[in-house]
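This is what each chain is made of:
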Amino acid sequence: MAREPSDQIRSIAEILAVAYSASALRRILLEHTADATGHCRGCRSPTTAAPVWPCRLWEIGKETERIRRSSPPK
Ligand SMILES: [Zn+2]
């Protein structure tokens, strides 16, 4: 099922597309992947349960990447 990014994700991604370097963005997408149980590795912490992947941060990262691709740096 295709999911459209929400307005909130879109607006955060537009900021990150300017603020983040391509390598920083790639690191987020690499860290936030599903583990064997389908939960996000990047969001795992000792105090809170990891969310089911794709997590919000990955969705934002992916949308940021899409925005960067469609508008090359000036
Ligand atoms: Zn995550």
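Let us look at the structure shown here. Quantities reported herein were computed from a predicted structural model and do not represent experimental measurements.

This brings us to the overall build of the chain. Each helix and strand in the chain was counted, giving three helices and zero strands. Starting at the N terminus, the α and β elements of the chain follow one another as α-α-α. C-alpha extents for the chain along the principal axes are approximately 40 × 25 × 20 Å. In the chain, the proportion of contacts linking residues at least 24 apart, taken out of those at least 6 apart, comes to 51%.

The subject of this paragraph is the packing of helix 1 (residues 7-19) against helix 3 (residues 56-70). The geometry of a pair of packed helices is captured by two quantities: the angle between their axes and the separation between those axes. In the contact formed by helix 1 and helix 3, the axes pass within 8 Å of each other and the chain directions differ by 60°. On the basis of the axis angle, helix 1 is oblique to helix 3. Here the hand of the crossing between helix 1 and helix 3 comes out right-handed. Across from I9, R10, I12, A13, E14, L16 and A17 in helix 1, the residues of helix 3 making contact are E59, I60, E63, T64, I67 and R68. When its residues are assigned to classes, the contact of helix 1 with helix 3 shows seven nonpolar, one polar and five charged.

The N-to-C vectors of helix 2 (residues 22-31) and helix 3 enclose an angle of 140°; their axes lie 9 Å apart at closest approach. As for the relative orientation of helix 2 and helix 3, their crossing is left-handed in sense. For the pair helix 2 and helix 3, the contacting residues are L25, I28 and L29 in the first and L57, W58, G61, K62, T64 and E65 in the second. Here the contact of helix 2 with helix 3 is composed, by residue class, of five nonpolar, two polar and two charged.

Within the secondary structure, A22 sits in helix 2. Judged by local crowding, A22 falls into the exposed class, with 11 C-beta atoms found within 10 Å.

This paragraph deals with helix 3. An α-helix turns once every 3.6 residues. As a result, residues three or four positions apart point the same way. For helix 3, spanning 15 residues, the distance from its first C-alpha to its last is 21 Å, which sits close to the expected 21 Å at 1.5 Å a residue. By the burial criterion, the buried members of helix 3 are W58, I60, G61, E63 and T64.

Bringing the environment of S45 into the picture now. Among the secondary structure elements, S45 is positioned in the loop between helix 2 and helix 3. Under the C-beta neighbour-count criterion, S45 is labelled exposed, with 8 such atoms within 10 Å. Residues S45 and E59, spaced 14 residues apart in sequence, show a C-alpha to C-alpha distance of 19 Å.

Analysis parameters
Residues numbered from 1 in each chain as written. Predicted model: local features only at pLDDT ≥ 70, side-chain atom pairs only at ≥ 80, totals over all residues. Helix = DSSP H or I, 4+ residues; strand = E, 2+ residues; numbered from the N terminus. Contact = placed C-beta atoms within 7 Å. Axes fitted to C-alpha atoms, helices over the stretch in contact; angles between N-to-C directions. Parallel < 35°, antiparallel > 145°, perpendicular 65-115°, else oblique. Left-handed = near helix turned anticlockwise from the far one by under 90°. Nonpolar A, V, L, I, M, F, W, Y, C, P; charged D, E, K, R; others polar. Buried ≥ 20, exposed ≤ 12 C-beta atoms within 10 Å, placed from the backbone. Expected span 1.5 Å × (residues − 1).

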